[in-house]
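Residue-level listing of the chains:
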Amino acid sequence: MRLLALEPHPSYVGGSETVAVSLSMELAARGHHLILLHDSAGPMIERYARFCERIIRRDLPGVSLRSPGQTLMAANRVKQVLEENRIDAAFSANVGCLESAALVSWISGVQFCFHLGLPFSPRSNRFRLTLRRTGFGVAPSEHTAATWRRAGWAADRLSVVPNWVDTRRFSPSMDRPALRARLGLPADGKCIAFLGRFCPEKGVGDLLSAFGQVRAEVDAATLVLVGEPAAHYHLELNSQLSELDAGCRAQTLCFAATQYPEEYLAASDIVCVPSWEEPFGLVVLEAMACGVPVVATSVGVFPHLLGPQGAKLLVPPRDSTALAERLVWCLCHPSEAKEIGACLRRRAVEHFGPTKSVSAYESVLQVLASNKGG
């Protein structure tokens, strides 16, 4: 098949963008021809360039009833790309493109598959009507799929396909001291890592509170935060960080570092995922594949991902005391924690590799391609 990946802003922002680039890579490895269509530049473009046949930039404004001419021009630009590259089907992980994709499908006959990484959030009635004309939706969990069904997405055009992890890219480090030295992490510290977007629902505040308790018991503990604060969370985050005693050695790293999350995961002693709610939580799988114990909250699919091997590391959400206790236990029982990490690596390889999930996406795209123009 000749497939279009529509990702307006190909950046390392969250799990959906990671799924999109990983899916593109896996489909290219299976012999399909991939074209990336984007609007703004982003650090993921370098990765797409490794396997995409072409990378095309176009201005891609959204649907606007106030500017119908501009909207139609943008849709025609996409239609031209589809025609010039003989595209059979398209996919995207950016739900902000749903309305545009419905319009493009209507004028071109090429159908879209959308990765629905987040639960449906309230939108306009016009947006809800769009869901009835969108090609196909794939959600990573039944909970997320149910929110889109309630919003109006037809059940026969919506399926559940779990996210996966590239266990070749995400793997245990063979030389952790050298990796830490390159990343600027303390060679002798006991490193707790958080990777993701800094916002209240990710439990960052709970982790900062817990880390104060951890440092009172484990002097060598270091907290590494890798990600980007949500726009509304800057002041609160800075206030929480300033409240930590200088001796806590909390280290905040820049967002650009998440281009290589596998390095920070593999370099850590523990990965902490303290979310209050989570549609999936890809970082849990990534940490498991790196052979690192994961202290996480018992929300969403986390218990299923970690399985019996990681059940003892689960804590209730919004409970910084329980979180601190589990983190301290891992740091003070390194041999047992290491064994848990090894078990989680095996579980990731055996149950959460890309083969089954990518095949499910491939089947959806093949159906859409066969219905092209219909």
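Residue numbers run consecutively from 1 along every chain, following the written order of its sequence. The model is predicted, so local features are restricted to residues of pLDDT at least 70 and side-chain atom pairs to those at 80 or more, both for listing and for counting; the totals for chains, interfaces and linings are taken over all residues. Side-chain figures throughout are based on the complete set of non-hydrogen atoms in the structure, without hydrogens or water.

Undergrad: For the pairing of strand S6 (residues 136–139), give the residues involved together with the corresponding values.
TA: One face of the sheet, then the other: side chains in a regular strand alternate in exactly this way. For the exposure calls, accessible area comes from a 1.4 Å probe over protein chains only, and a residue counts as buried if that area is under 20% of its type's maximum, exposed if over 50%, partly exposed in between. The helix and strand labels rest on DSSP assignments: H or I over at least four residues marks a helix, E over at least two residues marks a strand, and numbering proceeds from the N terminus. A two-sided burial pattern is seen for S6, the buried positions comprising Phe136 and Val138 on one face and Gly137 and Ala139 on the other. As paired elements, strand S5 (residues 112–115) and S6 share three bridges and run parallel to each other. Note on S6: the bridge partner recorded for phenylalanine 114 is glycine 137. For the handedness criterion, the strands are oriented away from the viewer, and a crossover whose path from the first strand over the helix to the second runs clockwise is classed as right-handed. Assessed by its sense of winding, the connection that carries the chain from S6 through helix H6 (residues 142–151) to strand S7 (residues 158–160) is right-handed. Whether two strands pair comes down to DSSP finding at least two bridges between them.

Undergrad: Break down the packing of aromatic side chains for me, with residues and values.
TA: Any two of the Phe, Tyr and Trp rings considered here, Trp counted by its six-membered ring, make a pair once their centres fall within 6.5 Å; the pair's planes then place it as stacked at under 30 degrees, edge-to-face at over 60, or tilted in between. Enumeration according to the criterion identifies six aromatic pairs in this entry. Ring geometry for tyrosine 48 against phenylalanine 51: centres 5.9 Å apart, planes inclined by 50°, an arrangement best described as tilted. Of the two residues, tyrosine 48 and phenylalanine 51, both sit in the buried class. A ring pair is formed by phenylalanine 112 and phenylalanine 114, whose centres lie 6.2 Å apart and whose planes are at 25°; its orientation type is stacked. Phenylalanine 114 matches phenylalanine 112 in its accessibility class, with the two residues each being buried. When the ring centre of tryptophan 276 is taken as origin, the NZ or CZ atom of arginine 318, which lies over that ring, is 3.8 Å away. Either the NZ atom of lysine or the CZ atom of arginine qualifies as a charge over a ring when it sits within 6 Å of the ring centre and within 35 degrees of the ring normal.

Undergrad: Please give an account of the nonpolar core that cites residues and values.
TA: Only buried residues count toward a nonpolar core. Its members are Ala, Val, Leu, Ile, Met, Phe, Trp, Tyr and Cys residues joined through side-chain atoms within 4.5 Å. Judged by nonpolar contacts, the single largest core of 93 residues is most densely connected at Phe91, Ile192, Val214, Met288, Val294, Leu305 and Leu327. The dominant element in this core, judged by the number of residues it contributes, is helix H13 (residues 320–332), at eight residues. Any two residues having at least one pair of non-hydrogen atoms within 4.5 Å are treated as being in contact. If we skip the residues at most four places from it in the chain, valine 214 touches Ile192, Ala221, Ala324, Leu327, Val328 and Leu331. Counting 30 residues, the second-largest nonpolar core is a separate cluster that includes Leu60, Ala75, Cys97 and Val104.

Undergrad: Before we move on, can you summarise the pattern of salt bridges with the specific residues and values?
TA: The salt bridge criterion pairs a side-chain nitrogen of Lys or Arg with a carboxyl oxygen of Asp or Glu, the two atoms within 4 Å. Taken as a whole and assessed by the stated rule, the structure comprises 15 salt bridges. The residue arginine 168 makes a salt bridge to aspartate 166 at a minimum N-O spacing of 3.2 Å. The exposure class assigned to arginine 168 is exposed, which follows from its relative accessible area of 59%. Salt bridges sharing partners connect three or more residues here, namely Glu26, Asp166 and Arg168.

Undergrad: Outline the side chain of glutamine 111, supporting the account with residue identities and numerical values.
TA: Its place among the elements puts glutamine 111 in the loop between helix H4 (98–108) and S5. In this structure glutamine 111 comes out as buried when scored by relative accessible area, which is 18%. N or O atoms closer than or at 3.5 Å make up a polar contact, with two conditions inside protein: a donor-capable atom paired with an acceptor-capable one, and, for residues adjacent in sequence, both atoms drawn from side chains. A distance of 3.3 Å separates a polar side-chain atom of glutamine 111 from the backbone oxygen of asparagine 371. When sequence neighbours within four positions are dropped, the list of residues in contact with glutamine 111 reads Ala89, Ala90, Ser105, Gly135, Leu368 and Asn371.

Undergrad: Lay out the packing of helix H12 (residues 302–310) against helix H14 (residues 334–351) with the relevant residues and their values.
TA: Axis geometry follows a simple rule: fit a line to the C-alpha atoms, using only the stretch in contact for helices, then measure angles between N-to-C directions, giving values from 0 to 180 degrees. In contact at an axis separation of 9 Å, H12 and H14 are set at 135° when each is read in the N-to-C sense. Here H14 runs oblique to H12, going by the angle between their axes. The handedness of the crossing between H12 and H14 comes out as right-handed. On H14, the residues touching His304, Leu305, Leu306, Gly307, Pro308, Gln309 and Gly310 of H12 are Ile340, Cys343, Leu344 and Arg347. Split by residue class, the contact of H12 with H14 holds six nonpolar, four polar and one charged. Working definition: roughly parallel below 35 degrees, roughly antiparallel above 145 degrees, roughly perpendicular at 65 to 115 degrees, and oblique for all remaining angles. By convention, the crossing between two helices is left-handed when the near helix turns anticlockwise from the far helix through less than a right angle, and right-handed when the turn is clockwise. Three classes are used: nonpolar for Ala, Val, Leu, Ile, Met, Phe, Trp, Tyr, Cys and Pro, charged for Asp, Glu, Lys and Arg, and polar for all others, with Gly counted as polar.

Undergrad: Could you give an account of the sheet that holds strand S3 (residues 54–57), with specific residues and numbers?
TA: Across the sheet, seven strands lie side by side as S3-S2-S1-S4-S5-S6-S7; this open sheet has parallel pairing. The sheet is open, and its two edges are formed by S3 and S7, each paired on a single side. On average, each strand axis in the sheet is tilted by 20° relative to the strand beside it, whichever way the strands run. Here strand S1 (residues 2–6) pairs with strand S2 (residues 33–38) via five bridges, running parallel. Within S2, the position partnered with leucine 6 by the bridge is leucine 37.

Undergrad: Let's hear about the side chain of threonine 18: which residues, and what values?
TA: Among the secondary structure elements, threonine 18 is positioned in helix H1 (residues 15–29). Non-local contacts of threonine 18, meaning those with residues more than four positions away in its chain, are made with Met44, Leu282 and Glu286.

Undergrad: Explain helix H15 (residues 354–370) to me, and be specific about the residues and the numbers.
TA: Each helix should span, by expectation, one fewer than its residue count multiplied by 1.5 Å. Helix length check: H15, at 17 residues, gives a terminal C-alpha distance of 24 Å against a target of 24 Å (1.5 Å per residue), a fit within 8%. Every buried residue of H15 is accounted for by Pro354, Ser357, Val358, Tyr361, Glu362, Val364, Leu365, Leu368 and Ala369. An end-on view of H15 places all buried positions within 160° of arc, on one side of the element. Opposite the packed face of H15, turned more than 90 degrees from it, sit the exposed residues Thr355, Lys356 and Ser370. Packing partners of the buried residues in H15 comprise S1, H1, strand S4 (89–92), S5 and S6. This arc is taken over the directions from the axis of the helix to the C-beta atoms.

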